[in-house]
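# Tertiary structure, described
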Amino acid sequence: HAKEVRGRACTYADRRDVNSIERLRLLGDLGRAVERGELFVRYQPQVDPRTGVVAGVEALVRWHHPELGAVGPDRFIPLAEQSGLVAGVTAVVLDRALADAARWRAEGHRPTVSVNLSARLLTDHDLPSMVAEGLRRHRVEASALVLEVTETGIVSDAERAGSVVRRLRALGCGVAVDDYGTGQCSLTYLTDLEVDELKIDRSFVTGMTGDRARAVIVRSTIQMARELGLRVVAEGVADAATLQVLATLGCHLAQGEHVGDPMSADAVTDLLRSRGG
Ligand code: C2E
Ligand code: CA
Ligand code: CA
Ligand code: CA
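Because the structure is a prediction, the values reported are computed rather than measured.

What follows deals with the overall build of the protein. When you go through the protein residue by residue, the secondary structure sums to eleven helices and nine strands. In summary, the protein has a C-alpha radius of gyration of 20 Å against a globular reference of 19 Å for 277 residues, a match within 12%. When the backbone C-alpha atoms are referred to their principal axes, the protein occupies close to 60 × 50 × 40 Å. When each of the 277 residues of the protein is scored for burial, the buried share is 45%. Long-range contacts, defined as pairs at least 24 residues apart, comprise 68% of the intrachain contacts of the protein with a sequence gap of at least 6. Put simply, the protein has 34 plus and 38 minus side-chain charges, and the middle of one group is 2 Å from the middle of the other.

Attention now goes to the environment of Val268. By the secondary structure assignment, Val268 is in helix 11 (residues 265-275). Assessed through its relative accessible area of 1%, Val268 is described here as buried. Taking C-alpha positions, Val268 is 8.4 Å from Gln44, a pair spaced 224 residues apart along the chain. The residues touching Val268, leaving out its near neighbours within four places in the chain, are Tyr43, Val57, Trp104 and Met263.

So, on to the coordination of the calcium ion (ligand 2). Tetrahedral coordination by four donors puts the ideal angle at the metal at 109.5 degrees, and octahedral coordination by six puts it at 90 or 180 degrees. Around the calcium ion (ligand 2), the donor atoms from the protein are Glu58 (OE), Asn116 (OD1), Glu148 (OE) and Asp178 (OD), and they sit 2.1 to 2.3 Å away. Here the donor residues of the calcium ion (ligand 2) share one chain and are spaced in sequence as E-x57-N-x31-E-x29-D. Between the calcium ion (ligand 2) and the calcium ion (ligand 3) the interatomic distance comes to 3.9 Å, and Asp178 is a ligand of both metals. Taken together, the residues span a long stretch of sequence, with Glu148 in strand 5 (residues 145-150) and Asp178 in strand 6 (residues 174-180) at a distance of 30 residues. Each of the two residues, Glu148 as well as Asp178, counts as buried.

All chains considered together, the criterion is met by 22 salt bridges. Measuring nitrogen to oxygen at the nearest pair gives 3.7 Å for the salt bridge that ties Lys199 to Glu235. With Lys199 in strand 7 (residues 197-200) and Glu235 in the loop between strand 8 (231-234) and helix 10 (240-249), this residue pair connects regions lying 36 residues apart in the sequence. With relative accessibility at 0%, the residue Lys199 sits in the buried group. The shortest N-O distance in the salt bridge between Asp211 and Arg214 comes to 2.9 Å. The structure contains a network of salt bridges with shared partners spanning Glu58, Glu148, Lys199 and Glu235.

Time to look at the pairing of strand 1 (residues 39-47). When you tally the buried positions in strand 1, you get seven out of nine residues, the bulk of the element. The sheet contact formed by strand 1 and strand 2 (residues 54-65) spans nine bridges and is antiparallel. Across the sheet, residue Gln44 finds its bridge partner in strand 2, namely Glu58. Joining the antiparallel neighbours strand 1 and strand 2 is a turn of six residues, in which Gly52 adopts a positive phi near 80°.

So, on to the packing of aromatic side chains. Enumeration according to the criterion identifies two aromatic pairs in this entry. Centroid distance Tyr43 to Trp104: 5.1 Å. Interplanar angle 80°. Geometry classified as edge-to-face. Pair noted here: Tyr43 is in strand 1 and Trp104 is in helix 3 (residues 86-106), with a separation of 61 residues, a long-range link. With relative accessibility at 0%, the residue Tyr43 sits in the buried group. Between the aromatic rings of Trp63 and Phe76, the centroid separation amounts to 5.4 Å while the plane-to-plane angle is 85°, which identifies the pairing as edge-to-face. Residue Trp63 is located in strand 2, and its partner Phe76 is located in helix 2 (residues 73-83); the two are separated by 13 residues in the primary sequence. Judged on exposure class, the residue Trp63 and its partner Phe76 are both buried.

Protein coordination at the calcium ion (ligand 3): the donors are Asp178 (OD), Asp179 (OD), Glu235 (OE) and Glu235 (OE), at 2.2 to 2.6 Å from the metal. A residue is classified by how much of its surface remains accessible, and Asp178, at 7% relative accessible area, is buried.

Before going further, it helps to examine the pairing of strand 7. Here strand 7 shows two buried faces, one formed by Glu197 and Lys199 and the other by Leu198 and Ile200. With three bridges connecting them, strand 6 and strand 7 associate as parallel partners. The partner of Val177 across the bridge, within strand 7, is Leu198.

This paragraph deals with the packing of helix 4 (residues 127-138) against helix 6 (residues 158-171). Contact pair helix 4 / helix 6: the axes reach a minimum separation of 9 Å and the direction vectors enclose 20°. By the angle between their axes, helix 4 is roughly parallel relative to helix 6. Along this stretch, helix 4 crosses helix 6, giving a crossing that reads as right-handed. Of the residues in helix 6, those in contact with Leu127, Pro128, Val131 and Ala132 of helix 4 are Val164, Arg167, Leu168 and Leu171. Partitioning the contact of helix 4 with helix 6 into residue classes produces seven nonpolar, no polar and one charged.

How each quantity is defined
- The residue numbering used here restarts from 1 in each chain and proceeds along that chain's sequence as written.
- Throughout, the order in which chains and ligands are written sets their labels, letters from A for the former and numbers from 1 for the latter.
- Totals for whole chains, interfaces and linings use all residues, but because this is a predicted model, local features are given only for residues with pLDDT of at least 70 and pairs of side-chain atoms are given and counted only at 80 or more.
- In computing side-chain properties, one takes all heavy atoms of the structure into account and sets aside hydrogens as well as water.
- Helix and strand definitions here come from DSSP, where helices need a minimum of 4 consecutive H or I residues and strands a minimum of 2 consecutive E residues; each element is numbered from the N-terminal end.
- The quantity called the radius of gyration is restricted to C-alpha atoms. Its globule counterpart is 2.2 Å times the number of residues to the power 0.38.
- Think of it in three bands: with a 1.4 Å probe and only protein chains considered, a residue is buried below 20% of the maximum accessible area for its type, exposed above 50%, and partly exposed in between.
- The contact criterion used is simple: two residues touch if any of their non-hydrogen atoms lie within 4.5 Å.
- In this tally, Lys and Arg are treated as positive and Asp and Glu as negative; His is ignored, and so are the chain termini.
- Every charge is mapped onto a representative atom, which is NZ of Lys, CZ of Arg, CG of Asp or CD of Glu.
- Water is absent from the atoms considered, so a metal site may look incomplete; donors are defined as N, O and S atoms within 2.8 Å of the metal, or 3.2 Å for Na, K and Ca.
- Salt bridges, as used here, are contacts in which a Lys or Arg side-chain nitrogen is within 4 Å of a carboxyl oxygen on Asp or Glu.
- When DSSP finds two or more bridges between two strands, those strands count as paired.
- Two rings from Phe, Tyr or Trp (for Trp, the six-membered ring) form a pair when their centres sit within 6.5 Å of each other. Planes less than 30 degrees apart are called stacked, planes more than 60 degrees apart edge-to-face, and all others tilted.
- The axes used here are C-alpha line fits, helices contributing only the stretch in contact, and every angle between their N-to-C directions lies in the interval 0 to 180 degrees.
- Roughly parallel refers to an angle under 35 degrees, roughly antiparallel to one over 145, roughly perpendicular to one between 65 and 115, and oblique to any angle outside these ranges.
- Put simply, a crossing is left-handed when the front helix is turned counterclockwise from the back one by less than a right angle, and right-handed when it is turned clockwise.
- Throughout this entry, Asp, Glu, Lys and Arg are counted as charged residues, while Ala, Val, Leu, Ile, Met, Phe, Trp, Tyr, Cys and Pro are counted as nonpolar. The remaining residues, Gly among them, count as polar.

Put into structure tokens, the structure is as follows:
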């Protein structure tokens, strides 16, 4: 029996080693990935739950690694944050997202385009000028762009993050609180009305139709957001029943598997042609 336990412990240790070797490898390759164009962007549609109109898309970064294949953001964004490469990754995503936003606008569609900002970047004073420069280069109006930040990012260095957020909003961009409800609970940024949008985390939304506590949380969050004049987005909408309830509750936008998985810019174009926005 003891032997068995030791065997299992050993396997676990090996797996940890493999993980850290892989982490080092990804870290080493990431700088090159940014330069060689191995990063690309997928867009997840956000629809008005009452009409189905595509009113927004969220840009989600992907890495096509030459040997390892597809690597998801959960695996390399944390590494990019630790190594200072996250500004470069964000520059790529922002540039791509604004180029695609310009293309959709040229066709007469006006979806908002949301880009994720890591907490690390919220204290980077160069960020607002990078955003302003991108908007100018692609001739996209600032109100087309929504920057998603997490509560943890806002709270961890509130003073510096506040100044970056204010400058982004002064440009005319929207700022969204991502994963709302999962971060450190400080509602100061809501009382100061320094954000434009709340994204209710999918852990509350998925399965809310069969769970009283989740349903209460989602309903009251939507009501609070609406009364504060914020746009409210429900993430993780995975079935028709949830979409229906969100429509009844007055949720502005729904995003998730049931609405549409992350897709190419061309697939978004097709969707915009058939479902407006
Ligand atoms: P997030 O910002 O919360 O993005 C939503 C994630 O949930 C996406 O995963 C999306 O594919 C997934 N998702 C959407 N609908 C559903 C659903 O109905 N069920 C489930 N189970 N999942 C759903 P993805 O693309 O793997 O991104 C993971 C995280 O990586 C993102 O979470 C975000 O925090 C981060 N990320 C992605 N792109 C970027 C980026 O360009 N910059 C930064 N800093 N972070 C990014
Ligand atoms: Ca997000
Ligand atoms: Ca989220
Ligand atoms: Ca998340």
